[in-house]
Amino acid sequence: MGTIETLAQKLAVDTIKVQDASGEDRLYVEVGQVLGAASQSLEEAFLTEMRVRLAERKAREFLNQKVSAIQAQLEEKGEA
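Residue positions are given per chain, counting from 1 as you read along its sequence in written order. Local features are withheld for residues below a pLDDT of 70 in this predicted model, meaning they are given only at 70 or higher, and side-chain atom pairs are given and counted only at 80 or more; totals for whole chains, interfaces and linings count all residues. With hydrogens and water excluded, all non-hydrogen atoms of the structure serve as input to the side-chain values.

### Some thoughts on helix H2 (residues 27–38)
At step 1: The numbering of helices and of strands both runs from the N terminus, where a helix is a DSSP run of H or I of at least 4 residues and a strand a run of E of at least 2. In a helix, the anticipated span is given by 1.5 Å times the number of residues less one. For H2, built from twelve residues, the straight-helix expectation of 16 Å at 1.5 Å per residue is met to within 8% by its first-to-last C-alpha distance of 18 Å.
At step 2: Relative accessible area decides the class of each residue, using a 1.4 Å probe on protein chains only: under 20% of the type maximum gives buried, over 50% gives exposed, and in between gives partly exposed. Listed in full, the buried residues belonging to H2 are Leu27, Tyr28, Val31, Gly32 and Leu35. Down the axis of H2, the buried side of the element spans an arc of 135 degrees, and every buried residue falls inside it. Facing away from the buried side of H2 by more than 90 degrees, the exposed set consists of Gln33, Val34 and Ala37.
At step 3: As for H2, its buried residues are in contact with helix H1 (3–22) and helix H3 (40–77). This arc corresponds to the set of directions leading from the helix axis out to the C-beta atoms. Should any heavy atoms of two residues lie within 4.5 Å, those residues are counted as being in contact.

What follows is the structure, encoded as structure tokens:
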């Protein structure tokens, strides 16, 4: 992994932590704007990291809801 990817990954992890703590779910957009003024390459890598991580989070939430629904159905039938 190159320098840009490593920095983008670390910055994305930190940004998600701050977003979660602050409730500002679009903070990454502001961080991307700051990056864009200094380095388009780092901005693009950072935004890609953010999109991938946020998409994975949504997919995981969906999957967890599906599992919970299946478990609830099984419990209703007395099979769990």
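### Examining the packing of H1 against H2
At step 1: Here the axes come from fitting lines to C-alpha atoms, over the contacting stretch only for helices, and the angles between their N-to-C directions go from 0 to 180 degrees. Running from amino to carboxyl end, H1 crosses H2 at an angle of 140 degrees, the nearest separation of the two axes being 9 Å. One element, H1, and the other, H2, form an angle in the oblique class. Of the two elements, H1 crosses H2, and the hand of that crossing is right-handed. Touching Leu11, Thr15, Val18 and Gln19 of H1 are Leu27, Tyr28, Val31 and Leu35, all from H2.
At step 2: Following the grouping adopted for this structure description, the nonpolar residues are Ala, Val, Leu, Ile, Met, Phe, Trp, Tyr, Cys and Pro, the charged ones are Asp, Glu, Lys and Arg, and the polar ones are all others, Gly among them. A class-by-class count of the residues in the contact of H1 with H2 yields six nonpolar, two polar and no charged. Put simply, angles under 35 degrees are roughly parallel, angles over 145 are roughly antiparallel, angles from 65 to 115 are roughly perpendicular, and the rest are oblique. Two helices cross in a left-handed way if the nearer one is turned anticlockwise from the farther one by less than a right angle. They cross in a right-handed way if the turn is clockwise.

### Remarks on a nonpolar patch on the surface
At step 1: Any residue with relative accessible area above 30% and no salt bridge may belong to a patch, with like charges joined within 9 Å and the nonpolar Val, Leu, Ile, Met, Phe, Trp and Tyr side chains within 5 Å. The Shrake-Rupley method, run with a 1.4 Å probe sphere, supplies the accessible areas, and residue values consider only the shown protein chains as cover. The salt bridge criterion pairs a side-chain nitrogen of Lys or Arg with a carboxyl oxygen of Asp or Glu, the two atoms within 4 Å. A cluster of nonpolar side chains, namely Phe62, Leu63 and Val67, defines an oily patch on the protein surface of about 280 Å² accessible area.
At step 2: Within the secondary structure layout, Val67 lies in helix H3.
At step 3: Judged by relative accessible area, which is 39%, Val67 ranks as partly exposed.

### Looking at the packing of H2 against H3
At step 1: Where H2 contacts H3, the two axes come as close as 7 Å, and the packing angle between them is 160 degrees. Relative to H3, H2 is oriented roughly antiparallel. Between H2 and H3 the crossing geometry is right-handed. Residues Tyr28, Val31, Gly32, Leu35, Gly36 and Ala38 of H2 touch H3, and the partners they reach there are Gln40, Leu42, Glu43, Phe46, Leu47, Met50 and Leu54.

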